[in-house]
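The primary structure of each chain is shown beneath.
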Amino acid sequence: MGGLTEHSPTASPLSKKKKLEHYEGPEFELKCINSIRALSADMPSAAKSGHPGAPMGCAPMAHLLWSEVMNYSPSNPEWWNRDRFVLSNGHACALQYSMLYLTGYGLTIDDLKNFRQMGSLTPGHPENFMTKGVEVSTGPLGQGISNAVGFAIAERHFAATFNTEDFNIFNHRTYVICGDGCLQEGVSSEASSLAGHLGLGNLIVLYDDNKITIDGSTDLSFSEDVKKRYEAYGWQVLTVDTVEKKLDDLRAAIKAAQDNVTQPTLIKVRTTIGKGSMLEGSAATHGAPLKANDLSQAKLSWGLPDEAFSVAEDVKSFYAEHTKTVEEKCAAWNALYEAYKAAHPEKAAELERRFSHKIPEGVDGALPTFDFKTSKALATRQYSQACIASIAPLMPELIGGSADLTPSNLTSIPCSGDFQKNSPEGRYLRFGVREHGMAAICNGLFAYGGLRPFCATFLNFAGYALGSIRVAALSKFGIIYVMTHDSIGLGEDGPTHQPIEMLESLRSMPNINVFRPADSNETSMSYKMALEMTHTPSVICCSRSGLPALQNSSVEKASKGAYTVIGEDIALANTHLIIIGTGSEVGACVEAAAKLTASGINTRVVSMPCQEIFLAQPREYQLSVLPGNIPTLSVEASAEYGWHRFSHAQIGMTRFGLSAPGGKLFRKFGFSAENVTEKGMALVEFYKESGNLPNLMNRPVFNNIEGTIDH
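Scope of this entry: the structure provided in the associated data block. (Residues numbered from 1 in each chain as written. Predicted model: local features only at pLDDT ≥ 70, side-chain atom pairs only at ≥ 80, totals over all residues. Heavy atoms only, no water.)

The subject of this paragraph is the overall build of the chain. Regarding its fold elements, the chain presents 25 helices and 18 strands. Here the chain has a C-alpha radius of gyration of 29 Å; the compact-globule value for 711 residues is 27 Å, and the two agree. Projected onto its principal axes, the C-alpha positions of the chain cover 90 × 60 × 45 Å. Counting the 711 residues in the chain, one finds 60% classified as buried. Of the contacts formed within the chain by residues at least 6 apart in sequence, a portion of 78% connects residues at least 24 apart. Surface accessibility of the chain: about 27,500 Å² in total, with carbon and sulfur atoms responsible for 52%. Distance between charge centroids for the chain: 2 Å, based on 62 positive and 75 negative side chains. (Helix = DSSP H or I, 4+ residues; strand = E, 2+ residues; numbered from the N terminus. Rg over C-alpha atoms; globule rule 2.2 N^0.38 Å. Buried < 20%, exposed > 50% of the residue type's maximum accessible area, 1.4 Å probe, protein only. Contact = heavy atoms within 4.5 Å. Areas by Shrake-Rupley, 256 points an atom, 1.4 Å probe, with all protein chains shown as cover. Lys, Arg positive; Asp, Glu negative; His and termini not counted. Charge placed at Lys NZ, Arg CZ, Asp CG, Glu CD.)

The subject of this paragraph is the side chain of Gln143. Turning to its location among the elements, Gln143 is positioned in helix α5 (residues 143-162). Assessed through its relative accessible area of 2%, Gln143 is described here as buried. Aside from chain neighbours lying at most four places away, what touches Gln143 is Val187, His436, Ala440, Asn443, Gly467, Ser468 and Val471.

Here the structure, examined in full by the defined rule, presents 29 salt bridges. Lys246 is paired through a salt bridge with Glu24; the nearest N and O atoms lie 3.9 Å apart. Of this pair, Lys246 sits in the loop between β6 (236-240) and α9 (248-259) while Glu24 sits in the segment before α1 (27-47), and the two are 222 residues apart along the sequence. Among the residues examined, Lys246 registers a relative accessible area of 22% and is labelled partly exposed. A salt bridge links Lys275 to Glu280; its shortest N-O distance comes to 3.9 Å. The two residues Lys275 and Glu280 agree in class, both being buried. (Salt bridge = Lys/Arg side-chain N within 4 Å of Asp/Glu carboxyl O.)

Now for the sheet that holds strand β12 (residues 513-515). Strands sit in the order β9-β8-β10-β11-β13-β12 across an open sheet of 6 strands; the sheet is parallel. For this open sheet the edge positions go to β9 (428-430) and β12, each flanked by a neighbour on one side alone. Between one strand axis and the next, the sheet turns through 20° on average, direction left out of account. Sheet topology places β12 next to strand β13 (residues 538-541); 3 bridges connect them, and they run parallel. Residue pairing in the sheet places Asn513 in a bridge with Ser538 of β13. (Pairing = 2+ DSSP bridges. Axes fitted to C-alpha atoms, helices over the stretch in contact; angles between N-to-C directions.)

What follows concerns the sheet that holds strand β15 (residues 577-581). Strands sit in the order β14-β16-β15-β17-β18 across an open sheet of 5 strands; the sheet is mixed. Bordering the open sheet on either side are β14 (563-566) and β18 (649-653), each of which pairs with just one other strand. Going from strand to strand, the sheet's axes swing by 30° on average, the running direction of each strand aside. Taken together, the 5 bridges between β15 and strand β16 (residues 603-607) define a ladder with parallel strand orientation.

This is how it looks when you write it as structure tokens:
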């Protein structure tokens, strides 16, 4: 393996002839590599959009991984023991699509020609729900390499839990191609640091060290010594600078990585972005198709025909033959699994249940229920703690942890120890103060299959994790986020820790359920629904402080997202006011309703633990809870935005909080029963005088999507 050569190729004018370099490896090997380059460059040209540079530079790595290194099965993309591959620099997706086409994952030449077009199987960045063979959705840089840490943790955990002396059912690796941008993003630093701590020797990262970002040379902004940084994380770091001449050194580096089972490995692979282009080595090849004459000269210089989407028969045959080899490995594993199943039927049955996302019998019944007469009122984070403790013994696939806030989030798993380097059978992950990395790792854990990951921090610090949470929602990963200290009620830590806009930020995201339970029953409902929704992530927001008990709550009622908790005996025709509350504010709403009803203003209280689930209910049910033509007041110690669809007036936060005891802050900002009573009276009086009460439920709801979208 050669040392890293320090050079920064500069842009060349198209009129300049490139000097052909001598390739020291087999001629056919180079033909395969150049065929990948050509095919990957054709896609952006056809789409008039895309990123040809990285695929052209990374082609040698891709060829070696798919033709010699990785175990995979195009006929069974979900094979449990396949090597996982993650393209972390997702903008280079033409490279991955080229390999999926060549190795028989079902992509056709027409699919490649449809690159970046509506409804195609070759979207502009890899999407796990669109294309077979794509493990995770990448594009936001740094996410993929962080997801890969989750894959590596999952493999270690399954191996420790299910392998026996006679059967190694799980013994695969995770391979990553990443770029400079991935290693600049903070999320990758967080995840890589934890990977080093955990000694994940089953994780091998090929770093496309092309020294180019969109702005230009990495000299502009990225002059650190990546090798020393990753060595400090506890990784093995190897350097290869010869892939454009031969693959022997990269083969040796990968072999050394495979042999090191106690450390993850980063292989710095020196490449040239846009290799073959007259503009190779420059940012000009990064994010725009090559000019037609440039692509033509590149193909001719590679000895390939100047034809779009043309792959020689011998190249196609080579990959097809290798695919037969890896399929044989999958078949051999299937035979091994059948023997394992005969020898260990209970373990096999458990594996099959987990990977099919079937919830074990008895989980619903194990969740705590609240007895208003005998149970003690607690903080919802304590009810959450009880939920985790009750379901964890029954759901061994439940795995997760906290961002160094276990005593505050109350998320420990009493029936399991920690997942550490020497105890991979453990289910509790000590993520450290790494919120973004934590959430990205959980994406990898879920994508692996057979696991239900959860992670936890303070709600305000969901902002640190938001990028990964968004990818989870897009990817349809049913991850559970436990977010405690969910309002100004956390108190003395002050406005730096008090969430204001975070609830609405999360609620505005597609395909995510945001729960803010007000008591034990609503918390149990939140976990029940979260576990059932395997394709939708859930955020369970919990209070720091104790909350008053709700006499009329139940898991069944709360499972509709909103329900009348006080005043259900008052006919809607005789109701003068409806107050909607969530979480810790419901108690003040209940107290205010008693005063208002006693004063002659018949008041109902609606607890709304989850807006998204309520909006999914039949319209008839929605109107029975919130008819829209009765003065309605919402009360939530969070931003007012989003509540206008449900309420005529709002008691909410319109500024950042303060540092003070939580009770005093609630009174200061208007969340006392007295203020709710006063504002409820004022709202009723306002519309009595104006005589013009808008019906919030009497409005059109348009579907603005043309045609259908099938995912």
